[in-house]
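Residue-level structural notes
Read off the chains here:
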Amino acid sequence: MGTDYIIIRGAKENNLQNVSLKIPKHKITIFTGVSGSGKSSLVMDTIAAKSRRELNDTFPTFVQQYLPKYGRPHVDSIDNLPIAIVIDQKKPAQNSRSTVATYTDIAAMLRLLFSRVGKPFVGYAESFSFNHPEGSCPRCSGLGEIRELDIHKLVDFDKSLNDEDTIHYIAFGKGGWRWIRYAYSGLFDLDKKIKDYTTEELDLFLNSPQIRLKNPPPRWPKSAKYEGLIPRMYRSIINSEEGLLHAAALNPMLNMGVCPDCGGTRVNERVRSCKISPAATSPQTERLNIAEACSLSITRLNKWIQSIESPLAVDLKAAIIARLTALEEIGLGYLTLDRPIGTLSGGEAQRCKIAKYINSSLSDVLYILDEPSTGLHNHDIQRMKKSVCRLRDAGNTVILVEHHREVIKIADHIVDMGPGPGIDGGNIVFEGTYAELLKSGTATGEALSESVRCPQAQDSATKGPALPEADSLNPVGSCPTAASVAAGGERKTGESFTLSHATLHNLRDISISLPLNAFVAVAGVAGSGKSSLMECFRRAYPAPSEMVYISQKDIGVSLRSTPATYMDVAPDIRKLFARTHKVKEQYFTFNGKGACPVCGGKGVVISEMAFMDNIETVCEACGGRRFNSEALQYEVKPSHPLADIHSRAYPTAPFPLSQSGGLNIAEVFDLSVRLACDFFRDTAIEKKLHPLIEVGLGYLHLNQALSTLSGGELQRLKLASYLGIEGRIFIIDEPTEGLHLKDIAHLTGIFRKMVSQGNTVYVIEHNTEVILAADHVIELGPGAGEEGGRIIFSGKPSEMVGCKTSVTAKYL
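Residue indices follow the written sequence of each chain, beginning from 1 at its first position. The model is predicted, so local features are restricted to residues of pLDDT at least 70 and side-chain atom pairs to those at 80 or more, both for listing and for counting; the totals for chains, interfaces and linings are taken over all residues. Side-chain metrics rest on all non-hydrogen atoms present in the structure, leaving aside hydrogens and water.

**Let's talk about the overall build of the protein chain**
Secondary structure elements are taken from DSSP: a helix is a run of H or I of four residues or more, a strand is a run of E of two residues or more, and numbering for both begins at the N terminus. Per the secondary structure count, the protein chain includes 33 helices and 23 strands. Looking at the 812 residues of the protein chain, the share that counts as buried comes to 51%. Counting only contacts in the protein chain whose residues sit at least 6 apart along the sequence, the fraction spanning at least 24 positions is 67%. Total accessible area on the protein chain stands at roughly 36800 Å², and carbon and sulfur atoms take up 51% of it. Exposed residues in this analysis have more than 50% of their type's maximum accessible area, buried residues have under 20%, and partly exposed residues fall in between, with area computed by a 1.4 Å probe over protein chains only. By definition, residues are in contact when any of their heavy atoms lie within 4.5 Å. In these tables, accessible area is a Shrake-Rupley quantity obtained with a 1.4 Å probe, and a residue counts as shielded only by the protein chains included in the view.

Rendered as structure tokens:
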């Protein structure tokens, strides 16, 4: 009986309050709770990290240096822990040679299929790979696009090699190590302008292949070969990892576009000549090569593969169909196999991984999924739920971190964390079934038990002006569009923007009037064209400076970025300390004179252990606080009497005040945003931090690294920095990701406030609460990919409920 549970004792990672619990094996356990309550700290940073570290320890120390590193979790013990496979939403590393086909391992099976069945025979499996010299297009080297150097953007022909900045790239400046290979060659007059070179000199300077110099000057490196500038740029920079690393410097010098030789297919003409014909009796009549097959949607490709009849293809067909079907069942049938992996969202990449494991023969594995509902329409969530259940039914244990009410329903066991975020969380407030959770009285239970209703008519001052309906050239069904309702009233200038003939990606020549000065939800199944429509809006709008696009991509954080630096309060705090004690501000930064002399302001000391993991220990000199003793001797006091602060928000003292009643610089930066707002009440610091509380991020600490935040948290952090701005058009991509149900109403209230301040807010969203709260809804569909790209509804949420052609309506 004891081995039927994963037993955790004394988990103290991050804000966890000495948590102990038992997780049933071979069941689906879902962790719920408000944002920042400790779900990820327990599931990812404790359970997953412990399992992965234990697995890594089974490998030789030499191998361990190449494996991912996981921090040692703060937990007393974990018993009966299976091997964990974490299926998170981290996007794969950007790689121009990686596609959906290579990422899902379907590419290898297709290459083998074409080498066996394709006519004429052109080679073995590796010959069909665009990553192999035998299969790649010679012009683009298998990239599908050309990146051709514009030599006039690289070289200033009016300068000599002795002038500054003659060659506009890293290390080619005068004295640079690349410059030396030309200046010290003895081949050129360093004071002669490039434009004055003879034909022979210019050809040698620009186009020479690698050659060994005869009788080179003394300063020429003995083992070096001379190489012309253009072939050197292609070999060592443009076609190498350096080109990706320094893309910002390189790309302005390149002419980029689809490769004219292969048409973007990546493979050469010989490979494209090999095709497979479907069976004569099959409704599929397309005779395709491997590039054409990969350009089909997964749904169409699956049907085409099934139509192939050849005794050499039987086993391969079954394997390929199993992979494609798994991708279809999880809602990715609209993807094409030739799609670059870097263009997938985090949710799409996660679902690719889930589909990959569905057909795995592994059993007794612990699968950990981080919010798999992200980016999914309710229609697609039903498919995803079946896939998760299949993982469990194969004899595995499945743990999910999730907020979506439909996903939570499939749980065999639920663990609700809380009761609040940050220092107010870190405890288990409920364990049991879904039915028991509804009656538990916790924040999650109450939010799940509430029914969502379509808002009734609201005060016109809140709702804003009457909104125009959509002008769609291709409406589906009889839902309200401009054709049926536009004649009903006069349109005032500034109430809408007409977007005409949008055809980006899968959009089907859409023309539509987009409301302004309103809160608009853009809905539709994943891949229906929502983001494409908003991208067209951004490109067509005549005042791009008024557009603010807030996605869940990286906001440009560095390793030292924190909420304090992002909201620009760190300088104010340092100035306060410096002004109070009449010392220089540099003493209150751990990047300057205030740094601990032992750890250099890092807070930890890292000991390198050769092939073994580096050992990271808290700095004994500063106790992890990063500052030196001189900086820590200075304190500032709360801006208001302590008793006033306590009565305002807390029953007991929240601040670790010293006997003198103040906090030092390290203690101030360790405050949560909410506590800092109380500590600096009625100051400029509170004014700058308060937007974070408005967007539900009051639990973050001022010194918390932004690299630890989720995509949804980073997005709301960016949104907070724009609160109070007027006259803008905001396009926000799935703002409810990672947000607890009880916080969604608060977020929609923020959107309404932004509209009342003269802004327009467009949200690309699947959440039904957000859709019902909007002034106007635009739905694309009806399907994904080539089955989408049409406007199937445009109007008020109350009208959407009764629309028969809407895919979203039945979930409202």
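**Topic: the nonpolar core**
What is meant by a nonpolar core is a set of buried Ala, Val, Leu, Ile, Met, Phe, Trp, Tyr and Cys residues, joined one to another through side-chain atoms within 4.5 Å. Residues Leu113, Trp304, Ile305 and Ile573 are the most contacted members of the largest nonpolar core, which totals 142 residues. Ile573 has contacts with Ile665, Val668, Phe669, Phe680, Ile685 and Leu702, leaving out every residue within four places of it along the chain. Counting 29 residues, the second largest nonpolar core, distinct from the first, contains Leu154, Val155, Phe205 and Leu254.

**Section: the pattern of salt bridges**
Close approach of charged atoms lets side chains of opposite charge pair. One side-chain nitrogen of Lys or Arg within 4 Å of one carboxyl oxygen of Asp or Glu is enough to make a salt bridge. One pass over the structure, following the stated rule, counts 28 salt bridges. We note a salt bridge from Arg139 to Asp261, for which the minimum N-O separation is 3.5 Å. Of this pair, Arg139 sits in the loop between helix 4 (106-117) and strand 6 (145-149) while Asp261 sits in the loop between strand 7 (254-258) and helix 11 (269-272), placing them 122 residues apart in sequence. A residue is classified by how much of its surface remains accessible, and Arg139, at 38% relative accessible area, is partly exposed. Note that Arg235 and Glu227 form a salt bridge whose closest N and O atoms lie 2.8 Å from each other. Classification of Glu227 by relative accessible area gives buried; the value is 9%. Here the salt bridges do not stand alone but share partners, grouping Arg139, Glu148 and Asp261 into one network.

**Quick look at the packing of aromatic side chains**
Centres within 6.5 Å make a pair out of two Phe, Tyr or Trp rings, where for Trp the six-membered ring is used; the pair is then stacked when the planes are under 30 degrees apart, edge-to-face when over 60, and tilted otherwise. The tally for this structure, following the rule as stated, stands at 22 aromatic pairs. Between Phe114 and Trp304, the ring centres sit 6.4 Å apart and the planes meet at 20 degrees, which makes this aromatic pair stacked. On the criterion of sequence distance, the pair formed by Phe114 in helix 4 and Trp304 in helix 13 (residues 298-306) is long-range, its members being 190 residues apart. Per residue, the accessibility class of Phe114 equals that of Trp304, and both read buried. When the ring of Phe679 is compared with that of Phe680, the centres are 5.1 Å apart and the planes differ by 80 degrees; the resulting orientation is edge-to-face. Residue Phe679 shares its accessibility class with Phe680, and that shared class is buried.

**A short note on the sheet that holds strand 8 (residues 366-370)**
Two pairing modes exist for strands in a sheet, parallel and antiparallel, and in both the strands are linked by backbone hydrogen bonds. Should DSSP find at least two bridges between two strands, the strands are taken to pair. In space, the six strands of this open sheet follow the order 5-8-9-3-10-11, with mixed pairing throughout. A single partner strand is all that each edge strand has here, and the edge strands are strand 5 (84-87) and strand 11 (427-432). Taking each pair of neighbouring strands and ignoring which way they run, the sheet shows an average axis angle of 20 degrees. In this sheet, strand 10 (residues 413-418) lies alongside strand 3 (residues 28-33) in parallel orientation, the contact comprising five bridges. Bridging across to strand 10, Phe31 finds its partner in Val415. Note on geometry: axes are lines fitted to C-alpha atoms, helical ones only across the stretch in contact, with angles between N-to-C directions running from 0 to 180 degrees. Across the sheet, helix 15 (residues 346-358) lies against strand 5 and strand 8, angled at about 145 degrees from strand 5, the strand it touches most.

**Points about the confidence of the model for the protein chain**
The pLDDT value expresses, per residue, how confident the predictor is, ranging between 0 and 100. Across the protein chain, the average pLDDT comes to 85, with 88% of residues at 70 or higher. Element-level pLDDT for the protein chain is lowest in helix 21 (residues 482-485), with a mean of 29, against a maximum mean of 97 in strand 1 (residues 5-11). Scored below 50 in pLDDT, residues 456-494 makes 71 contacts in the model with residues more than four places away or belonging to other chains. For the stretch residues 643-653, pLDDT sits under 50, and the model shows 19 contacts to residues farther than four places along the chain or on other chains.

**So, helix 4**
Given a rise of 1.5 Å per residue, 12 residues ought to cover 16 Å, and the 16 Å separating the end C-alpha atoms of helix 4 matches this to within 8%. Residues of helix 4 that are buried: Ile106, Ala107, Met109, Leu110, Leu113, Phe114, Ser115 and Val117. Buried residues belonging to helix 4 abut helix 3 (100-103), helix 12 (290-294), helix 13 and helix 14 (314-329). Helices are assigned an expected span. That span is 1.5 Å times one less than the residue count.

**Points about unusual backbone geometry**
Most of the time, phi is negative for any residue but glycine, and the peptide bond is trans. Along the chain, Lys119 connects to Pro120 via a cis peptide bond; the corresponding omega equals -5 degrees. Geometrically, the link from Gly781 to Pro782 is a cis peptide bond, its omega value of 0 degrees lying close to zero. Inspection of the secondary structure puts Pro782 in the loop between strand 22 (776-781) and strand 23 (790-795). At Asn18, a residue that is not glycine, the phi angle is positive and equals roughly 55 degrees. Mapped onto the fold, Asn18 is located in the loop between strand 1 and strand 2 (19-24). On the basis of relative accessible area, Asn18 is assigned to the partly exposed category, the value being 47%.

**Considering a negative patch on the surface**
A cluster of acidic residues, Asp163, Glu164, Asp165, Asp189 and Asp191, forms a negative patch at the surface. Tracing the chain through its elements places Asp189 in the loop between helix 6 (177-183) and helix 7 (199-207). Assessed through its relative accessible area of 45%, Asp189 is described here as partly exposed. Patch definition: residues above 30% relative accessible area lacking any salt bridge, with like charges linked at up to 9 Å and the nonpolar side chains Val, Leu, Ile, Met, Phe, Trp and Tyr linked at up to 5 Å. By the counting rule applied here, Lys and Arg register as positive and Asp and Glu as negative, while His and the ends of each chain are not counted. By convention, the charge on Lys lies at NZ, on Arg at CZ, on Asp at CG and on Glu at CD.

**A short note on the environment of Leu213**
Positionally, Leu213 belongs in the loop between helix 7 and helix 8 (229-238). Once the C-alpha coordinates of Leu213 and Leu187 are considered, the two residues, 26 residues apart in sequence, prove to be 9.4 Å apart. Excluding anything up to four places from it in sequence, Leu213 contacts Ser185, Leu187, Trp220 and Tyr226.

**What to know about the pairing of strand 9 (residues 397-401)**
Each regular strand shows side chains that alternate between the opposite faces of the sheet. Burial within strand 9 is extensive, with five of its five residues counted as buried. Both faces of strand 9 are covered, namely the face carrying Thr397, Ile399 and Val401 and the face carrying Val398 and Leu400. Here four bridges tie strand 3 to strand 9, and the two strands are oriented parallel to one another. Directly across from Thr29, in strand 9, lies its bridge partner Ile399. Bridging between strand 8 and strand 9 involves five bridges; their strand directions are parallel. Considered in strand 9, the bridge of Tyr367 is made with Val398. Following the chain from strand 8 across helix 16 (residues 378-393) to the adjacent parallel strand 9, one finds a crossover that is right-handed. Orienting the strands away from the viewer, one traces the path from the first strand over the helix to the second; a clockwise path indicates a right-handed crossover.

**Remarks on the side chain of Thr374**
You can see Thr374 is positioned in the loop between strand 8 and helix 16. We classify Thr374 as buried; its relative accessible area is 9%. Side-chain polar atoms of Thr374 contact the backbone oxygen of Glu371, separated by 3.1 Å. Within 3.5 Å is the distance limit for a polar contact, defined as a pair of N or O atoms, with the added protein rule that one can donate a hydrogen and the other accept it, and that residues adjacent in sequence qualify only through two side-chain atoms.

**Remarks on the sheet that holds strand 1**
Strand order in the open sheet formed by three strands is 2-1-4, and the pairing between neighbours is antiparallel. Of all strands in the sheet, those bounded by a partner on one side alone are strand 2 and strand 4 (75-79). For this sheet, the mean inter-axis angle between neighbouring strands, taken without regard to orientation, is 5 degrees. Two elements, strand 1 and strand 4, share four bridges in a ladder whose sense is antiparallel. Bridging from a neighbouring strand, Arg9 pairs with Ser77 of strand 4.

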